[in-house]
Amino acid sequence: MSPTAPALFPMPVPRGPARPVKPQTVLSYGLGADSTAILLMFLEDPVRYGLEPDLSDLIVVHAVTGNEWPTSLSYVDRLVLPLLAERRVRVVQVARRGRSDSDGVLVLDDSRATRRIHQAGPWRLSDWLLTGGTVPQMASGRRTCSIRFKGWVLDHWAAAEFGQVPFRRVIGYHAGERSRMEKDTKIQNRLNERAGRVICEPSYPLIEAGWDREAVEAYVLARLGEPIQKSYCTFCPFSGVCASRDRHEERLRAHPELAAEALAMEYASMALNEAMSLYGTRSLYEQLTEDGRNEAVLTAFEERLDAVPFSLYEVRRLYLPGRTKECRLHHGGRCARPRWWCRTERSAHCRRAHSAFETSGDGTGTELPTTCAGLADDCRGEPVKGQAWRSVRTVWEGPRLEAEFTLLRWGREDGVRMRHGERSMIKRLHYLDRGEGYPAAEAYLVAAPSGADDKHRDSFERRWTEFTGLINTRWEPVRPLVSHPRTRGSRVVPVIGPSGAGHLSAPESPAA
């Protein structure tokens, strides 16, 4: 064989030690000042923030809620996206694909040359609220809207993108939001503990830099040349925190069609529940009618109500007794058949005059009342408030004016009373008034924009009959009921079929 002949099996080239794979960095981009400032920091000096010089390991992910202000979208389209496209930064836009968690997540865009932020996906936050006949909740302290339409979407995209591969998640909390950072860190730590390893490492560059909101806005202004507005949904109940009242109402006046949409959502919510206004004890409508600067907005609102279909909804509500400390002590996590002593706190007289509980002598440890049988009125304390259960049923559909006339005509029946809401002045046809204490019940007919789903708990009818002695509803639906498509302004939203690529299947959430 010639010494210069090629070998049949070339020897492998020796390699050095394998280079560790650097975790990807994911920035949750909310379009606001905080996350925009972080983006600009990364573009200016990527190595300083642990990124590759070419930003190839950075992914900017935006959860599309469908109800962002047009000015926020325009600001990012004009001033931010060109900078990202120039550096070939990967931008991913994701949204909920439908009303159910099992519908999964839809990737609207995944590009290194993104030109625009999508305005909406197949299922908007406002769609979810309208079908539920409610507004965003404030009392619970949990930002359910953000959890369902931002956190849930981002988490499921990350699970599909990375699986069990670790990555770094960057969150835009500034120095004045340390409490939010600490809460977010605890949640992430629990998830990592459950996985048995660090999957997601949270990072908060603005807090590490000690920048407060004022410093963040000044930095963005210096880099982009235009002040950035707060990013939040057009009907956010925290709009008083996201912006001053004057700035928020100025935005509403600039977009009367969006203001009318928010007012119509609040109207439908308060029709089904008088207390369910946008700002808790105050309504958006009350605020906008306090001065003479919002006439165009209020006119657009009335025109919207005249244009959309209306329904007559039969609303039944149960106010159940709450569980006391005694109930939880003696009956554990659940109490299927509560007695008065576990529904209400015992009065001071009862505690002085009677023993509370003693252990039975059969060795079972069952706690039984002793000398107090609960027969005396002065032994019973004040009822404790529990859950409120609601049943909503559509019984008629048609134009707004005809709906109001139908409500008045049905008001001539025996056993019903026409009443107005104390705050909303919305007319309701009551046939069962709420009593004092708990349990209690009420039922009425009300006219409101169509769109709220017929809905009640599986055990509602049984409990309703148990507490009221009534069976089912008072009015049968008037046929045919018209099925109206969801609309966004004047544009009909088509039903979106299976998407194939980009659809991430997700399990049904327990909270859904």
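Remember, it's a predicted structure, so these values are computed and weren't measured experimentally. (Residues numbered from 1 in each chain as written. Predicted model: local features only at pLDDT ≥ 70, side-chain atom pairs only at ≥ 80, totals over all residues. Heavy atoms only, no water.)

*Asks:* Before we go on, may I ask you to explain the pattern of salt bridges in this structure?
*Replies:* It is possible for side chains of opposite charge to pair when their charged atoms get near one another. Inspection of every chain in the model, using the stated rule, returns 29 salt bridges. Across the pair Asp155 and Arg169 runs a salt bridge, and its minimum N-O distance is 3.0 Å. Pair noted here: Asp155 is in helix α4 (residues 144-162) and Arg169 is in strand β5 (residues 167-170), with a separation of 14 residues, a long-range link. Under the relative-accessibility criterion, Arg169 is labelled buried at 11%. When the shortest N-O distance is used, the salt bridge between Arg474 and Glu413 registers 3.4 Å. Residue Arg474 is found in the loop between α17 (460-468) and β16 (487-488), and its partner Glu413 is found in the loop between α16 (400-410) and β13 (417-420); the two are separated by 61 residues along the sequence. By relative accessible area, Glu413 is classed as partly exposed at 30%. Via salt bridges that share partners, Arg245, Glu249, Arg282 and Glu290 belong to a single interconnected network. (Salt bridge = Lys/Arg side-chain N within 4 Å of Asp/Glu carboxyl O. Helix = DSSP H or I, 4+ residues; strand = E, 2+ residues; numbered from the N terminus. Buried < 20%, exposed > 50% of the residue type's maximum accessible area, 1.4 Å probe, protein only.)

*Asks:* Whenever I open this one, α4 confuses me. Can you help?
*Replies:* Residue pairs three or four apart in sequence face the same way in an α-helix, which turns once every 3.6 residues. A rise of 1.5 Å per residue sets the reference length of α4, with its 19 residues, at 27 Å; its end C-alpha atoms lie 25 Å apart and thus fit the reference within 8%. Here α4 has its buried residues at Cys145, Arg148, Phe149, Trp152, Val153, Leu154, Trp157, Ala158 and Phe162. Of the residues flanking the end of α4, it is Gly163, one or two places downstream, whose phi is positive at about 60 degrees. (Expected span 1.5 Å × (residues − 1).)

*Asks:* Just to check I follow, could you spell out the sheet that holds strand β15 (residues 440-449) for this structure?
*Replies:* Working definition: the strands of a sheet are paired by backbone hydrogen bonds and lie parallel or antiparallel to each other. The strand order β12-β7-β15-β14-β13 describes an open sheet built from five strands, whose pairing is antiparallel. Because the sheet does not close on itself, it has two edges, and the strands there are β12 (385-398) and β13. Strand after strand, the sheet turns through a mean of 30 degrees between neighbouring axes, direction not considered. Where β13 lies against strand β14 (residues 427-432), four bridges are found, and the strand directions are antiparallel. Residue pairing in the sheet places Met418 in a bridge with Leu429 of β14. (Pairing = 2+ DSSP bridges. Axes fitted to C-alpha atoms, helices over the stretch in contact; angles between N-to-C directions.)

*Asks:* Teacher, can you tell me more about the environment of Arg168 here?
*Replies:* Counting through the fold element by element, Arg168 comes out in strand β5. One polar contact links Arg168 to Thr25, side chain to side chain, over a distance of 3.0 Å. There is a polar contact of 2.9 Å between the side chain of Arg168 and the backbone oxygen of Tyr49. (Polar contact = N/O pair within 3.5 Å; in protein donor to acceptor, adjacent residues only side chain to side chain.)

*Asks:* Would you mind showing me how to read the packing of aromatic side chains here?
*Replies:* Taken as a whole and judged by the stated rule, the model has twelve aromatic pairs. Their ring planes at 55 degrees and their centres at 5.6 Å tell us that Phe42 and Tyr49 sit as a pair that is tilted. Across the pair, exposure class does not vary: Phe42 and Tyr49 are buried alike. Ring pairs connect the aromatic residues Trp157, Phe162 and Phe167, which therefore count as one cluster. The positively charged end of Arg316 is found above the aromatic ring belonging to Trp464, 5.2 Å away from the centroid. Note that Arg434 overlies the ring of Tyr319, its terminal NZ or CZ placed 3.8 Å from the centroid. (Phe/Tyr/Trp six-rings, centres within 6.5 Å; stacked < 30°, edge-to-face > 60°. Lys NZ or Arg CZ within 6 Å of the ring centre and 35° of its normal.)

*Asks:* Explain the pairing of β14 here, please?
*Replies:* Two faces belong to every sheet, and in a regular strand the side chains alternate between them. Following β13, the chain reverses through six residues before pairing antiparallel with β14; Met425 in that reversal takes a positive phi of roughly 60 degrees. Judged from the four bridges that link them, β14 and β15 form a sheet pairing that is antiparallel. Looking at β15, one finds that Leu429 is bridged to Leu445.

*Asks:* Explanation requested: the side chain of Thr406 in the structure shown.
*Replies:* Looking at where Thr406 falls in the secondary structure, it is placed in helix α16. Residue class for Thr406 comes out buried when judged on its relative accessible area of 1%. Once you skip the residues sitting within four places of it in the chain, Thr406 turns out to touch Leu312 and Trp396. (Contact = heavy atoms within 4.5 Å.)

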